[in-house]
Amino acid sequence: MRPRLLCLHGLNSPGPWDLLTAIEPIADLVVVVSGTDETASSAREIFESLDVAVYDDPDAAQAAEVTVDGVITYSEPQIPVAAELAHRWGLPGFSPNTARVLRSKLAQRRRLAESRCDDVAHLSARTADDVRRAAFLLGLPVVLKPDRGWGSREVRSIHTPAAVEEAARGVDPAEAGGYLVERLLQGRNEPSFGDYVSVEVV
């Protein structure tokens, strides 16, 4: 029997064809596509044209498919949902707490500091005044980013007092999780290449 994987398809996921091509050699694929926007509707149609079962709800998918052997996602906002499902269904995966840490830049910074792995100076912020205060206390340059952002969404490198004001005015008090302000890590000037590696998904 081939294993059956339930994939939570969402924002920034690979396209249906790429996903099916990667998974098909090792497992059968069942997909949950949430949302009613044009992108979700298009993904749903493409999956169905490829003979992949598509559902609007994970519990409905599990009930219809009888057996689900694993829950996967390639959409960062869906990581906590996948972890909760795996935990609830007794399947391997991240613990819900690990998933929450993976989605929070502030929680990641705290864990790295607690384990003495890394200790970049940082402060949390929710309001424009919080951003101004953090920039003053940390010293410029700093980086401002949403705590639960993805794909470099609204990440700002701030080098001057004028840039602090501009960034502070752009803060959204309704941003889930608020913001992280951290000291900018200065790299070397490496023409054509960055002197850094970003590893965010395992």
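Please read all numbers here as calculations on a predicted model, not as lab measurements. (Residues numbered from 1 in each chain as written. Predicted model: local features only at pLDDT ≥ 70, side-chain atom pairs only at ≥ 80, totals over all residues. Heavy atoms only, no water.)

Asks: Mind laying out the overall build of the protein, listing which residues take part and the relevant values?
Replies: Per the secondary structure count, the protein includes 8 helices and 8 strands. The 202 residues of the protein split such that 37% are buried. Summarising the internal contacts of the protein: among those between residues at least 6 apart in sequence, 60% fall at separations of at least 24. Accessible surface, the protein: about 12300 Å² in total, of which carbon and sulfur atoms supply 53%. (Helix = DSSP H or I, 4+ residues; strand = E, 2+ residues; numbered from the N terminus. Buried < 20%, exposed > 50% of the residue type's maximum accessible area, 1.4 Å probe, protein only. Contact = heavy atoms within 4.5 Å. Areas by Shrake-Rupley, 256 points an atom, 1.4 Å probe, with all protein chains shown as cover.)

Asks: Provide a residue-level description of the layout of surface pockets, including the pertinent values.
Replies: Volume-wise, the second largest pocket comes out at about 270 Å³. Along the wall of the second largest pocket there are 19 residues; nearest its centre are His9, Gly10, Leu11, Thr39 and Ala40. Here the element with the most residues in the lining of the second largest pocket is helix α2 (residues 38-49); it accounts for 5 residues. When the residues that make up the lining of the second largest pocket are grouped by side-chain class, the tally is 8 nonpolar, 10 polar and 1 charged. (1 Å grid on protein atoms, 1.4 Å probe; cavity = no way out; pocket = protein on both sides within 12 Å on 5 of 7 lines; lining within 4 Å. Points joined across faces, edges and corners; volume = space filled by probe spheres on them. Nonpolar A, V, L, I, M, F, W, Y, C, P; charged D, E, K, R; others polar.)

Asks: For the sheet that holds strand β1 (residues 4-9), give the residues involved together with the corresponding values.
Replies: Here 4 strands make up an open sheet; going across it, the order is β3-β2-β1-β4 and the pairing parallel. Of all the strands in the sheet, the pair left with one neighbour each is β3 (53-55) and β4 (70-73). Ignoring strand direction, the axes of neighbouring strands in this sheet form an average angle of 30°. Here 6 bridges tie β1 to strand β2 (residues 28-33), and the two strands are oriented parallel to one another. (Pairing = 2+ DSSP bridges. Axes fitted to C-alpha atoms, helices over the stretch in contact; angles between N-to-C directions.)

Asks: Explain the nonpolar core residue by residue, including any values.
Replies: Soluble globular proteins tend to pack their nonpolar side chains together in the buried interior. Counting residues in each nonpolar core, the largest one holds 15 residues, and the members touching the most others are Leu19, Ile23, Leu29, Val31, Val33, Phe47 and Val52. Ignoring any residue separated from it by four or fewer positions in sequence, one finds Phe47 in contact with His9, Pro16, Leu19, Leu29, Val31, Val33, Val52 and Val54. Grouped together as the second largest cluster of nonpolar side chains are 14 residues, Val131, Ile158, Val164 and Val181 included. (Core = buried A, V, L, I, M, F, W, Y, C linked by side-chain atoms within 4.5 Å.)

Asks: How would you sum up the sheet that holds strand β5 (residues 122-125)? Please name residues and give values.
Replies: Taking strand neighbours across the sheet as the criterion, the 4 strands line up as β5-β8-β6-β7 in an open arrangement whose pairing is antiparallel. Looking at strand neighbours, the two that pair on one side only are β5 and β7 (156-158), the edges of this open sheet. Direction aside, the axes of adjacent strands within the sheet are offset by 25° on average. The pairing of β5 with strand β8 (residues 179-183) spans 4 bridges and is classified as antiparallel. The partner of Ser124 across the bridge, within β8, is Leu180. In this fold helix α8 (residues 161-169) packs onto β6 (142-146) and β7, with an angle of close to 145° to the strand it touches most, β7.

Asks: Can you explain the pattern of salt bridges? Please cite residues and give values.
Replies: Taken as a whole, this structure holds 15 salt bridges when the rule is applied. Between Glu182 and Lys145 there is a salt bridge, with its nearest N and O atoms 2.9 Å apart. Placement of Glu182 in strand β8 and of Lys145 in strand β6 is noted, with a sequence separation of 37 residues between them. The burial state of Glu182 is the same as that of Lys145; both residues are buried. Via salt bridges that share partners, Arg109, Asp118, Lys145 and Glu182 belong to a single interconnected network. (Salt bridge = Lys/Arg side-chain N within 4 Å of Asp/Glu carboxyl O.)

Asks: Mind laying out helix α7 (residues 128-138), listing which residues take part and the relevant values?
Replies: All buried positions along α7 are accounted for by Val131, Ala134, Ala135 and Leu138. Taken down its axis, α7 places every buried residue within 100° of arc, on the same side. Of the residues in α7, the exposed ones pointing more than 90 degrees away from the buried face are Phe136 and Leu137. In this fold, the buried residues of α7 make contact with β5, β6, α8 and β8. Gly139 occupies a position one or two residues after α7 and carries a positive phi of about 85°. (Arc of directions from axis to C-beta.)

Asks: Got a sec to walk through the environment of Gln62? Specific residues and values, please.
Replies: You can see Gln62 is positioned in helix α3 (residues 58-65). Taking the relative accessible area as the measure of exposure, Gln62 reaches 27% and is therefore partly exposed. Residues Gln62 and Val164, spaced 102 residues apart in sequence, show a C-alpha to C-alpha distance of 49 Å. Apart from residues no more than four positions distant in its own chain, Gln62 is found in contact with Val68 and Trp89.

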